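So you can see what is in the structure, the chains are spelled out below.
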Amino acid sequence: MHGYVELHGHRGARGLRPENTLPGLAFALELGVDALEFDVAMSADGQLVLTHDLHVSPVTSADTGMATPGDEMFPYVGKPVVALTLPQLRTLDVGVRLPQRPEDRFALTQVPLPDTRMPTLGAVLGLVGALGADDVRLNVELKSDPVRPDLCPDPRRFVTEVVRELDRHDRLSRSALLSFDWRLLEIAGPLIERRYALVERDTMTPEWMNGIRLTEVGGDLAAAAAAVGATTLSPDRVLVDEALIAGAARQGLPVVVWTVNEPDEAARLIDLGVAGVVTDYPDRMRRLWKARGLPLPRPVSPLRPVGAP
């Protein structure tokens, strides 16, 4: 019934290890995923760093000290990422989740890894290469907010720098660019083969959709995504129904849904016809895949210390 449904690790494996970190990404690879999804922003000194938030998040980051004595930007938590340099960002401990609400579900399941630092995109590409994860696609989400240009780099520069780094590591053909800011997808069109149009209710506006009004395309999200040159439609799970799947099929766009953490919901979405599921818990989804007889992505062996058996 289903030839192949991809399993994507969200921010690595956010439910199990600290998000957007080298150990978190490595753990997702060790479990086995088809695609490794993570978020990239740009620092004040033009470095590409992994972070989901455009302000340093008090949930995923903690200050440990100043990058230089008397630094007026300190404390760094809460400051815009684009206003901080890589040395400042590298002081942050991003290995312990610090929930602002008692009901933070990830704090209950995520193994803390204190003293973990915010990685660069280059470091991630180096790790993936060292692990030999050649069959795993890297799904790089570019964090950009068209409504808050003061928090973001220039879109063309951002896309160009990310593509250049992927190419430098010979990863361009095995990567995809993802964004809610569809301006970046149009810019990326000539530069990279795979482009995911991310969308949620709050971003179904012309500001986010590269000037497109949904009314102009009959409310068809897939038609809007195709108009900016996307090759995959990637909606919030609450948007996925038979009509969306049918619209995507008409445009020839696969649908990769996020973020799905309950196996029952994943099973329902697979039956609807999604091509991929993005999850914080690859372990749960692998059990579902196995139960349904779906092909499973191959686990990647972890790096072994020199001299280890």
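This text follows the structure it describes.
What comes next is a walk through the structure.

Conventions used here
- Residues numbered from 1 in each chain as written.
- Predicted model: local features only at pLDDT ≥ 70, side-chain atom pairs only at ≥ 80, totals over all residues.
- Heavy atoms only, no water.
- Phe/Tyr/Trp six-rings, centres within 6.5 Å; stacked < 30°, edge-to-face > 60°.
- Lys NZ or Arg CZ within 6 Å of the ring centre and 35° of its normal.
- Salt bridge = Lys/Arg side-chain N within 4 Å of Asp/Glu carboxyl O.
- Helix = DSSP H or I, 4+ residues; strand = E, 2+ residues; numbered from the N terminus.
- Buried < 20%, exposed > 50% of the residue type's maximum accessible area, 1.4 Å probe, protein only.
- Expected span 1.5 Å × (residues − 1).
- Arc of directions from axis to C-beta.
- Contact = heavy atoms within 4.5 Å.
- Polar contact = N/O pair within 3.5 Å; in protein donor to acceptor, adjacent residues only side chain to side chain.
- Pairing = 2+ DSSP bridges.
- Right-handed = clockwise from strand over helix to strand, strands pointing away.

### Describing the packing of aromatic side chains
Reasoning step 1: This structure, assessed with the given rule, holds three aromatic pairs.
Reasoning step 2: If you follow Arg 17 out to its NZ or CZ, it ends over the ring of Phe 27, 3.8 Å from the centre.

### Considerations on the pattern of salt bridges
Reasoning step 1: Per the stated rule, a full pass over the model turns up 19 salt bridges.
Reasoning step 2: A salt bridge links Arg 237 to Glu 265, with the shortest nitrogen-to-oxygen separation between them at 3.0 Å. Separated by 28 residues along the polypeptide, Arg 237 in the loop between strand S7 (232-235) and helix H8 (242-251) and Glu 265 in helix H9 (residues 263-272) bring together distant segments of the chain.
Reasoning step 3: Assessed through its relative accessible area of 17%, Glu 265 is described here as buried.
Reasoning step 4: Each of Arg 11, Glu 19, Asp 39, Arg 97 and Asp 104 takes part in salt bridges that share partners, so that together they form one network.

### Side note on helix H5 (residues 155-168)
Reasoning step 1: The terminal C-alpha atoms of H5, which comprises 14 residues, lie 20 Å apart, in line with the 20 Å expected from a rise of 1.5 Å per residue.
Reasoning step 2: Buried within H5 are the following residues: Pro 155, Phe 158, Val 159, Val 162, Val 163, Glu 165 and Leu 166. Each buried residue of H5 sits inside an arc of 160° when the element is viewed along its axis, so together they form one side. Residues of H5 that are exposed and point over 90 degrees away from its buried face: Arg 156 and Arg 168.
Reasoning step 3: Taken together, the buried residues of H5 touch strand S2 (35-42), strand S3 (48-50), helix H4 (121-131), strand S4 (137-142), strand S5 (175-179) and helix H6 (182-188).
Reasoning step 4: Among the residues of H5, the N-terminal cap falls to Asp 154, whose side-chain oxygen and the backbone nitrogen of Arg 156 are separated by 3.2 Å.

### Considerations on the environment of Arg 137
Reasoning step 1: Tracing the sequence through the fold places Arg 137 in strand S4.
Reasoning step 2: As a C-alpha pair, Arg 137 and Glu 37 span 100 residues in sequence and 8.5 Å in three-dimensional space.
Reasoning step 3: Every residue in contact with Arg 137, bar those within four places of it in the chain, is listed here: Glu 6, His 8, Asp 34, Ala 35, Leu 36, Arg 174, Ser 175, Ala 176, Arg 194 and Tyr 196.
Reasoning step 4: Polar contacts involving the side chain of Arg 137 include one to the side chain of Asn 139, which spans 3.2 Å.

### What to know about the pairing of S7
Reasoning step 1: Alternating residues of S7 divide into Thr 232 and Ser 234 and Leu 233 and Pro 235, and every residue in both groups is buried.
Reasoning step 2: Note that strand S6 (residues 194-199) and S7 share four bridges and pair parallel. For Val 199, the partnering residue across the bridge sits in S7 and is Pro 235.
Reasoning step 3: Between S6 and its parallel partner S7, the chain crosses via helix H7 (residues 221-227), and the hand of that crossover is right-handed.

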